[in-house]
Amino acid sequence: MNKLAFVFPGQGAQAVGMGKDFYEQYDVAKKLFQEADEALGYSIKDMCFEGPEEDLKLTANTQPAILTMSVIANAILKENGVQPDIVGGHSLGEYSALVAAGAISFQDAVALVHKRGQYMQEAVPVGEGGMAAIIGMSDEDIQKACDEATAKAGDVQPVNFNCPGQTVIAGTTKGVEMAAAALKEAGAKRAVVLPVSAPFHSTLMKPAAEKLAAELDKIDIHDAEIPVVSNYTGELETKAEDIKANLVAQADHPVRWIHCVKTMQAFGADVFVEAGPGKTLCGFNRRIDRAIKSLNVEDTASLQKTLDYFKEVR
């Protein structure tokens, strides 16, 4: 085995019931859920276990819920002797990666992403911004459609370069709708408006980035103990000041996920474990490079499969 990467999912991976079997079987899960509840001042544990789904889907709740779940998966893997050489995360997942790398404390990260969710929601009133996934079009065509829609209907731009053939656009509702329609007409396999409440990573998130910068000034950020790949630069980062600057920029700039994965591969990572709910990043890996071995840990069953794999290769 070469190098091992842990990657952490972003928003959209949440599901009611997540983390419950970890909580029932692992003390570290109980401890981390309790710390999250204390940091937030309400029970994210109850929301993860029981819902309702409408509450869990609110950005200010989704972000700390997924982060907590991801950090628990990471902690259980470490307890079982599986440690990453490098980490990265998609959007919100970058915060989970920074906790895993020792750059930000778990309590600070939970409170921070709760506020990040609020700031992102406040930046654009509900109904005035959106996102759409574009399947099967080149980056150039997507950029062109976004430029044309921006001129006619309102700001829209590519914001998530997830994997070859899948790019997400975000901006004003009218801009997103016009660009998505134009791309569908131009031959996109699919142009799907996403069920999100804000245009994440678009220039419309500038007010959120500014508020986030003020919050980041209040917490301790340390140099990372292992390299973390930045969504904003797509490169390896370890210095505290770079990590901080990148987190601010990340809020209103695109997530360069393909670049992030290729950077981890160049570092020597050939096995990737997605720690946290869902298998979205495993799916992206298949589209980026089929040679990557992808595993995931979101419950006790997937944990067992992943641990069995490492027993065999050692």
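Before reading on, note that the structure itself is shown above.
Presented here is a report on the structure given in the accompanying data block. (Residues numbered from 1 in each chain as written. Predicted model: local features only at pLDDT ≥ 70, side-chain atom pairs only at ≥ 80, totals over all residues. Heavy atoms only, no water.)

### Quick notes on helix α10 (residues 206-216)
Taken together, the buried positions of α10 are occupied by A208, A209, L212, E215 and L216. What you see down the axis of α10 is that its buried residues fit within an arc of 115 degrees, all on one side. Of the surrounding elements, those touching the buried residues of α10 are α6 (93-100), α7 (106-123) and α11 (240-251). (Buried < 20%, exposed > 50% of the residue type's maximum accessible area, 1.4 Å probe, protein only. Helix = DSSP H or I, 4+ residues; strand = E, 2+ residues; numbered from the N terminus. Arc of directions from axis to C-beta. Contact = heavy atoms within 4.5 Å.)

### Quick notes on the sheet that holds strand β5 (residues 166-172)
The sheet built from four strands is open, its strands ordered β4-β5-β3-β6 with antiparallel pairing. Because the sheet does not close on itself, it has two edges, and the strands there are β4 (156-163) and β6 (190-193). For this sheet, the mean inter-axis angle between neighbouring strands, taken without regard to orientation, is 25 degrees. Relative to β5, β4 is paired through six bridges, and the arrangement is antiparallel. Paired with C163 across the two strands is Q166, which belongs to β5. Sitting on the sheet, helix α8 (residues 139-152) is in contact with β3 (129-135), β4 and β5, with an inclination near 160 degrees to β4. Relative to the sheet, helix α9 (residues 173-185) contacts β3, β4, β5 and β6, its axis offset from that of β5 by approximately 145 degrees. (Pairing = 2+ DSSP bridges. Axes fitted to C-alpha atoms, helices over the stretch in contact; angles between N-to-C directions.)

### A word on the packing of α7 against α10
Contact geometry of α7 with α10 gives a least axis separation of 8 Å together with a crossing angle of 155 degrees. Judged on the interaxial angle alone, α10 and α7 are roughly antiparallel. Between α7 and α10 lies a crossing whose hand is right-handed. Side by side, α7 and α10 meet where L112, K115, R116, Y119, M120, E122 and A123 of the first sit next to P207, A208, K211, L212, E215 and L216 of the second. Its residues assigned to classes, the contact of α7 with α10 shows eight nonpolar, no polar and five charged. (Parallel < 35°, antiparallel > 145°, perpendicular 65-115°, else oblique. Left-handed = near helix turned anticlockwise from the far one by under 90°. Nonpolar A, V, L, I, M, F, W, Y, C, P; charged D, E, K, R; others polar.)

### Quick word on the sheet that holds strand β9 (residues 269-275)
Taking strand neighbours across the sheet as the criterion, the six strands line up as β8-β7-β2-β1-β9-β10 in an open arrangement whose pairing is mixed. Either end of the sheet is taken by a strand with one partner, and the two such strands are β8 (236-237) and β10 (293-297).

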